[in-house]
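Listed below, chain by chain, are the residues.
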Amino acid sequence: MKMSGAQMVCEALIAEGVETVFGYPGGAIMNVYDEIYKQNSFEHILTRHEQAAVHAADGYARATGKVGVAMVTSGPGFTNAVTGLATAYTDSIPLVVISGQVSSSLIGTDGFQEIDAVGISRPCTKHNYLVDDIAKLPKVLKEAFYIASSGRSGPVLVDIPKDITAEIADFKYPKDVFVETYKPNYKGNDRQIKKAAEAILKARKPLLYVGGGTVLSNASDLVRKFAKMTQIPTVETLMARGVMGDSNPLLIGMLGMHGSYASNMAMSETDLIISLGARFDDRVTGKLSEFARYADIIHVDIDPANIGKLVDVDYPIVGDVSIVVKKLMDLIKEDINTDRYQAWREILARYEELHPLTYNDSDEVLKPQWVIEQIGKLLGKDAIITSDVGQHQMWAAQFYPFDRPRQWINSGGLGTMGFGFPAALGAKRGAPEKTVINITGDGSILMNMQELVTASEYKIPVINVILNNHFLGMVRQWQTFFYDKRYSETDLSYQPNFVALAEACGGIGYDVTTKEEFDKALKDAIKQDKVCFMNVIVSRFENVLPMVPTGGALYNMLLEHKDQ
Amino acid sequence: MEDVRRVISVIVMNESSVLARVSGLFAGRGYNIESLTVAPIPNSDLSRVTIVTNGNKRVIEQITKQLHKLVPTLKVIEHEEMVEKEMVLVKFSSDQNIADIQVLCEAYNGGIVNAGEDIIIIMAADESKRIEYFLEAAQRYSPIEIVRGGIVAIER
């Protein structure tokens with residue numbers, strides 16, 4: 001069938017089953033927006049900033065497991081989207097972002113709103129395309145969805161010049177896709193898997209180290225079964241919160257810079273790390289030379305470049321976590337002796353008793369950890385929790401009782417402030433039956449607060465719980481510990497009126513200073529069909545603990561909570 | 001871990017911006033490029049990029065893995081048993097002893113490729129190390145300009 005490039009874009013999105021596109025129009029992408037206007041197959045949500053459009057598509061992808069789609073125009077439209085691309089890239093989130101580009105004849109002339117989009121996005125996309133010929137457009141779109149969602153998933157940018165979206169050509173959307181140079185390996189090498197199985201049977205103190213890859217691989221059920229069958233204790237990374245379920249007796253907790261004492265000690269004393277979809281990030285390992293000194297390492301990862309990147313690996317297995325875990329289970333189910341690890345489990349239980357995750361609650365002032373626990377009590381497994389970046393993010397990861405994967409959505413790798421609110425909008429669109437709470441701070445929330453308008457227009461009632469300590473709290477914490485309390489540019493005492501801000505944009509605001517007020521406000525907010533800002537004033541100088549100072553060994557944690 | 005020199009051939013789709021993907025990867029991840037040559041592979045839609053780099057074992061392993069991860073990359077060859085050649089062009093004044101220069105070039109698989117009124121141009125093609133010896137030896141004839149080509153390599 002003959003059609004314009006713009007129509008091809010819409011037809012491809014429909015063929016891919018896309019339900020929601022987040023975006024913002026502009027000159028170079030107008031042809032496509034004209035076609036969006038004419039169709040009824042998918043909805044378009046107009047965010048109020050391109051960065052938010054990409055974060056919203058990202059939140060949608062994380063909540064649903066589908067490919068998120070965002071659309072932006074050339075030049076500043078695209079550059080605004082870059083932070084969103086980089087955020088998704090670092091956390092391996094499948095996105096297809098379509099950007100307009102100036103007409104082919106203007107490329108390279110410093111035309112109005114021209115910028116080298118593929119050049120800028122090369123290091124922060126899994127792959128990108130500048131479409132130079134309309135004949136290639138259908139195949140490029142098909143490939144974009146395939147590459148975004150296969151192997152180690154990630155964002156793909158398709159940059160389309162305006163003359164290409166106007167041009168008419170034959171359209172046939174490919175059914176199959178074959179990229180000769182791109183063949184992800186899912187199966188894992190059977191010989192390595194067999195060796196790994198033998199190592200597990202021989203270990204005394206094995207530890208499951210579970211990362212975000214298990215979420216992306218939808219491997220949570222299998223990993224839970226694997227842990228149950230073997231009775232091997234488990235630690236989760238920040239990106240894997242929810243994979244095991246917090247009521248799981250085999251879950252020791254989250255490890256890393258703000259991980260629990262028992263989790264970090266488990267990592268420091270284990271004799272066999274079974275790493276599933278984790279990548280030994282510096283926030284997890286602490287000082288590398290001191291990391292897991294007694295351990296052999298089984299590293300299961302879909303991305304071969306992750307294996308051996310930071311630590312030497314004894315059993316490298318390139319493959320999909322689901323497939324490899326299944327094979328491991330088949331290999332060890334006959335011979336597994338769960339008693340073998342009993343002494344190890346007892347050691348870790350003692351560590352959990354010795355230094356549980358805790359805080360000093362108060363009746364004078366709200367503690368941020370209490371607020372998060374209280375959200376957990378009221379909503380538990382029914383909510384999706386998104387977060388921004390900083391202290392509130394760590395407290396949410398520590399104190400919210402997560403029950404399932406995809407319940408916890410945060411920018412773990414890039415650490416993007418301003419991610420939480422638009423991601424919450426995307427998550428709510430993807431899972432409308434869930435209550436979606438963005439746990440945020442008084443710093444982060446201002447970085448995409450314009451999305452109040454989007455939330456109101458499209459009636460996306462997400463609840464922003466602003467843990468307001470009048471500080472850029474995490475930076476302030478570092479200044480307290482490592483910069484002799486010189487609070488350089490972190491004091492946010494000058495504040496907007498959050499309630500008025502929400503109301504001005506069609507939402508609801510709550511000022512909260514006590515436990516009673518918080519309970520009341522949250523219960524009320526859940527019933528509303530409006531977006532809300534809940535301005536929760538919390539104790540100013542609360543620190544996130546435990547803490548492994550940067551460059552320190554994982555087993556050297558600051559533990560004590562002294563109220564200031 | 002000590003640094004080693006490595007010659008890596010990357011077979012990529014011959015498409016726009018593929019060289020930027022390869023070189024950008026080196027720049028972005030802080031890897032060294034000592035030399036880089038690129039040319040299409042005859043009778044195919046592929047190109048061969050030959051890169052000389054150095055780094056410790058872990059870095060070299062990362063380089064090859066990251067190169068392989070690029071979507072248009074078909075194959076990454078970390079050369080071990082190879083024949084490698086680098087070409088150099090050098091310009092001398094015709095006042096120099098041309099016969100001597102010619103003999104020197106011949107020792108390095110080269111010869112005079114252009115002779116004009118004022119200058120002569122020679123070429124030599126050999127392993128990089130030997131090209132350096134050649135250039136040292138050529139110093140006594142006061143070369144006016146030296147152009148090195150970067151290396152190409154083929155596995156034995």
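Conventions adopted
- Residues numbered from 1 in each chain as written.
- Chains lettered and ligands numbered in written order.
- Predicted model: local features only at pLDDT ≥ 70, side-chain atom pairs only at ≥ 80, totals over all residues.
- Heavy atoms only, no water.
- Helix = DSSP H or I, 4+ residues; strand = E, 2+ residues; numbered from the N terminus.
- Rg over C-alpha atoms; globule rule 2.2 N^0.38 Å.
- Buried < 20%, exposed > 50% of the residue type's maximum accessible area, 1.4 Å probe, protein only.
- Areas by Shrake-Rupley, 256 points an atom, 1.4 Å probe, with all protein chains shown as cover.
- Lys, Arg positive; Asp, Glu negative; His and termini not counted.
- Charge placed at Lys NZ, Arg CZ, Asp CG, Glu CD.
- Domains from an automatic or database assignment.
- Contact = heavy atoms within 4.5 Å.
- Buried area = accessible area lost by both parts, 1.4 Å probe.
- Pairing = 2+ DSSP bridges.
- Axes fitted to C-alpha atoms, helices over the stretch in contact; angles between N-to-C directions.
- Salt bridge = Lys/Arg side-chain N within 4 Å of Asp/Glu carboxyl O.
- Polar contact = N/O pair within 3.5 Å; in protein donor to acceptor, adjacent residues only side chain to side chain.
- Left-handed = near helix turned anticlockwise from the far one by under 90°.
- Nonpolar A, V, L, I, M, F, W, Y, C, P; charged D, E, K, R; others polar.
- Arc of directions from axis to C-beta.
- Phe/Tyr/Trp six-rings, centres within 6.5 Å; stacked < 30°, edge-to-face > 60°.
- Lys NZ or Arg CZ within 6 Å of the ring centre and 35° of its normal.
- Core = buried A, V, L, I, M, F, W, Y, C linked by side-chain atoms within 4.5 Å.

## Quick word on the overall build of chain A
Thought 1: Regarding its fold elements, chain A presents 21 helices and 20 strands.
Thought 2: Its C-alpha atoms give chain A a radius of gyration of 24 Å, near enough to 24 Å, the size a compact globule of 564 residues would have.
Thought 3: On the principal axes, the C-alpha backbone points of chain A span a range of 70 × 60 × 40 Å.
Thought 4: The buried share of chain A, reckoned over its 564 residues, is 59%.
Thought 5: When the accessible surface of chain A is summed, it comes to about 21900 Å², and 51% of that surface belongs to carbon and sulfur atoms.
Thought 6: For chain A, the distance from the average position of its 56 positive side-chain charges to the average position of its 68 negative side-chain charges is 5 Å.

## Details of the domain arrangement of chain B
All names here are of chain B.
Thought 1: Taken as a whole, chain B is organised into domain 1 (4-80) and domain 2 (83-155).
Thought 2: One C-alpha centre belongs to domain 1, the other to domain 2; they are set 28 Å apart.
Thought 3: Tallying the contact residues gives 11 residues for domain 1 and 9 residues for domain 2.
Thought 4: Interface of domain 1 and domain 2: buried area, both sides summed, is about 660 Å²; carbon and sulfur atoms make up 51% of it.

## Notes on the sheet that holds strand β17 (residues 435-441) of chain A
All names here are of chain A.
Thought 1: With parallel pairing, 6 strands are arranged side by side in an open sheet as β16-β15-β17-β18-β20-β19. Each edge of the sheet is formed by a strand with only one pairing partner; in this case those strands are β16 (408-409) and β19 (508-512).
Thought 2: Where strand β18 (residues 463-468) and strand β20 (residues 532-537) come together, 6 bridges link them in parallel fashion. Bridged to Ile 463 within β20 is Cys 532.
Thought 3: Each of β15 (383-387), β16, β17 and β18 is contacted by helix α16 (residues 391-399), which is oriented at about 135° to β17, the strand it contacts most.
Thought 4: Strand contacts of helix α21 (residues 515-527): β17, β18, β19 and β20, with the helix running at about 165° to β19, the strand carrying the most contacts.

## Observations regarding the interface of chain B and chain A
Thought 1: Facing the 15 residues of chain B at the interface are 20 residues of chain A.
Thought 2: Among the residues chain B hides against chain A, the three largest losses belong to Arg 21, Arg 58 and Val 71 of chain B. Together they make up 43% of the total.
Thought 3: Here chain B and chain A share 2 salt bridges between them.
Thought 4: The shortest N-O distance in the salt bridge between Arg 58 of chain B and Asp 312 of chain A comes to 2.6 Å.
Thought 5: Our count for the contact surface shared by chain B and chain A stands at 9 residue pairs in polar contact (both at pLDDT 80 or more).
Thought 6: Breaking the side of chain B that touches chain A down by element, the ones donating at least two residues are α1 (18-29), α2 (57-69) and β4 (73-78) of chain B.
Thought 7: At 6 residues, the largest contribution of residues to the side of chain B that touches chain A is made by α2 of chain B.

## Comments concerning the packing of helix α11 (residues 261-269) of chain A against helix α14 (residues 342-354) of chain A
Residues and elements named next belong to chain A.
Thought 1: In contact at an axis separation of 8 Å, α11 and α14 are set at 145° when each is read in the N-to-C sense. α14 is crossed by α11, and the crossing has right-handed handedness. Taking contact as the criterion, the partners of Tyr 261, Ala 262, Met 265, Ala 266 and Glu 269 in α11 are, on α14, Trp 344, Ile 347, Leu 348, Tyr 351, Glu 352 and Leu 354.
Thought 2: Across the contact of α11 with α14, the residue classes break down as 9 nonpolar, no polar and 2 charged.

## With respect to helix α4 (residues 128-138) of chain B
Residues spaced three or four apart along an α-helix face the same direction, because each turn holds 3.6 residues.
Residue and element names in this part refer to chain B.
Thought 1: When we look at burial in α4, the residues that qualify are Ser 128, Ile 131, Phe 134, Leu 135 and Ala 138. Viewed along the axis of α4, the buried residues span an arc of 105°, placing them on a single side of the element. Away from its buried face by more than 90 degrees, α4 exposes Lys 129 and Glu 136.
Thought 2: Check the buried side of α4 and you find it contacts β1 (4-13), β5 (82-93), α3 (98-107), β7 (119-126) and β8 (145-155).

## Observations regarding the packing of aromatic side chains
Residues and elements named next belong to chain A.
Thought 1: Taken as a whole and judged by the stated rule, the model has 20 aromatic pairs over all chains.
Thought 2: With a centroid separation of 5.7 Å and 55° between ring planes, the pair formed by Phe 471 and Tyr 487 is classed as tilted. Linking Phe 471 in the loop between β18 and α19 (473-482) with Tyr 487 in the loop between α19 and α20 (498-504), this pair joins segments that are 16 residues apart in sequence.
Thought 3: A relative accessible area of 3% places Phe 471 in the buried class.
Thought 4: Assessed through its relative accessible area of 25%, Tyr 487 is described here as partly exposed.
Thought 5: Among the aromatic residues, those joined into a cluster by ring pairs are Tyr 209, Phe 280 and Phe 291.
Thought 6: Looking at Arg 476, its charged tip hangs above the ring of Phe 471, at a distance of 5.7 Å from the centre.

## Description of the pattern of salt bridges
Residue and element names in this part refer to chain A.
Thought 1: Applying the stated criterion across every chain, the model contains 36 salt bridges over all chains.
Thought 2: Salt-bridge contacts for Glu 198 lead to Lys 194; the nearest nitrogen and oxygen are separated by 3.7 Å. On the criterion of helical spacing, the pair formed by Glu 198 and Lys 194 is a turn pair, its members being 4 residues apart in helix α8 (residues 190-202).
Thought 3: With a relative accessible area of 46%, Lys 194 lands in the partly exposed category.

## Focus: the nonpolar core
A general feature of soluble globular proteins is that nonpolar side chains tend to end up buried together.
Residue and element names in this part refer to chain A.
Thought 1: Leu 95, Phe 421, Val 462 and Phe 533 are the most contacted members of the largest nonpolar core, which has 44 residues in total.
Thought 2: Secondary structure elements with two or more residues in this core: α3 (50-64), β4 (68-72), α4 (76-90), β5 (95-101), α17 (420-430), α18 (451-457) and α20.
Thought 3: Take this core: its biggest share by element is 7 residues, from α3.
Thought 4: Each of two domains, domain 1 (2-170) and domain 3 (368-537), supplies a minimum of three residues to this core.
Thought 5: Leave out the neighbours within four places in its chain, and Phe 533 touches Phe 421, Ile 445, Met 449, Leu 452, Asn 464, Ile 466, Phe 498, Leu 501, Ala 502, Ile 508, Gly 509 and Tyr 510.
Thought 6: Within the second largest apolar cluster, 39 residues are counted, among which are Met 3, Phe 42, Tyr 129 and Ala 169.

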